[in-house]
Amino acid sequence: MKGDGTVHWLWVYPRAWHKRYGDELAALIEDLEHDDDLRAVDRLDILRAGLQTRARGRRRRATVLATTGAVTLASTLGALTIAGVLSSPPSPSSRCSVEINAKTGKVLWERGDCGSLPRRVTGASTLLKPHTSQGSPSHTIYLLPVVRAPQSSQPSG
Amino acid sequence: MLTSLAAGPKHGHALMKDISVFADVRLGPGTLYGAISRLEERGLIAALPADDRRRPYEITGEGEAVLDASLAELGRVVAAGRSRLRSLRTAQGGSPQPALHGGRA
């Protein structure tokens, strides 16, 4: 059974594994060939173990990819949530409602936490019915903070 | 494999021969090196400088701890097995006993 080329079967192993253990396994095969102790079942064992190692590497890569994907998705969702894109609407206490004069844009009154933070008009505000206040047509508009750090808010008016 | 390396560092061929002597199991070359790579990855064995292409391996401290724990567990199983076998033989050799509680004699 000497020199029947069994060492060439090591191609079934992944490249990294082959680089690390290939020489040693080839030396072991040569030792067994030298002792006339390399059996047919050993050749099958080498093939089976090589394919198993390759499959394990693929599973590990798939796990790493899945983990990386999950972490990336979680990070993206977290960033979007912090930016307020996916956050649930603020509670009423964090809303600021103002009534403005439809013609002049003058603020007639404000209610809620209307701090100095930058705010944006919510889509819901456009649904509010216009009404008349102090003799002029006006709208009540709800403003929501664009970015809002957690804080206790108190109605200002 | 850890048991074999507990007797001292060995390369692949020496491991194969030693295991076949004390465990009466002949590991295939692929199985042997699959185990070597996994044990080295887990830090239970460590490679020593290669002698030609034949690299010897030694058991690590962590490997010794794992071997110790495995042997203790095996010891408990062996002790339980022996104890139950003794009881069985005693029961078979002694007076017949009812198989079920409440059985009629």
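Read on for an overview of the structure. (Residues numbered from 1 in each chain as written. Chains lettered and ligands numbered in written order. Predicted model: local features only at pLDDT ≥ 70, side-chain atom pairs only at ≥ 80, totals over all residues. Heavy atoms only, no water.)

## Re the overall build of chain B
Thinking step 1. Scanning chain B from terminus to terminus reveals 4 helices and 2 strands.
Thinking step 2. Start at the N end of chain B and walk to the C end: the helices and strands fall as α-α-α-β-β-α.
Thinking step 3. Long-range contacts, defined as pairs at least 24 residues apart, comprise 36% of the intrachain contacts of chain B with a sequence gap of at least 6.
Thinking step 4. In the form shown here, chain B has an accessible surface area of approximately 7,000 Å², with 55% of it arising from carbon and sulfur atoms. (Helix = DSSP H or I, 4+ residues; strand = E, 2+ residues; numbered from the N terminus. Contact = heavy atoms within 4.5 Å. Areas by Shrake-Rupley, 256 points an atom, 1.4 Å probe, with all protein chains shown as cover.)

## Quick look at the interface of chain A and chain B
Thinking step 1. Contacts between chain A and chain B engage 23 residues on the former and 22 residues on the latter.
Thinking step 2. With both chains or domains summed, chain A and chain B bury close to 1,900 Å², and 47% of this area falls on carbon and sulfur atoms.
Thinking step 3. Together, Y21, E24 and L28 of chain A form the three largest contributors to the area buried by chain A at its contact with chain B, with a combined 27%.
Thinking step 4. There are 7 salt bridges connecting chain A and chain B. (Buried area = accessible area lost by both parts, 1.4 Å probe. Salt bridge = Lys/Arg side-chain N within 4 Å of Asp/Glu carboxyl O.)

## Re empty space enclosed by the protein
Summary: where empty space remains is shown by rolling a probe the size of a single water molecule over the atoms.
Thinking step 1. Counted according to the given criterion, the structure contains 1 cavity of 30 Å³ or more.
Thinking step 2. Taken as a whole, the largest cavity encloses approximately 30 Å³ of empty space.
Thinking step 3. In terms of lining residues, the largest cavity is bounded by E24, L28 and D31 of chain A together with H11, G12, H13, Y33 and R54 of chain B.
Thinking step 4. Sorting the residues of the lining of the largest cavity by element identifies α1 (15–34) of chain A together with α2 (12–22) of chain B as the ones contributing at least two each.
Thinking step 5. The biggest single contributor to the lining of the largest cavity is α1 of chain A, with 3 residues.
Thinking step 6. Here the lining of the largest cavity is composed, by residue class, of 2 nonpolar, 3 polar and 3 charged. (1 Å grid on protein atoms, 1.4 Å probe; cavity = no way out; pocket = protein on both sides within 12 Å on 5 of 7 lines; lining within 4 Å. Points joined across faces, edges and corners; volume = space filled by probe spheres on them. Nonpolar A, V, L, I, M, F, W, Y, C, P; charged D, E, K, R; others polar.)

Scope: geometric values only; no functional claims are made or implied.
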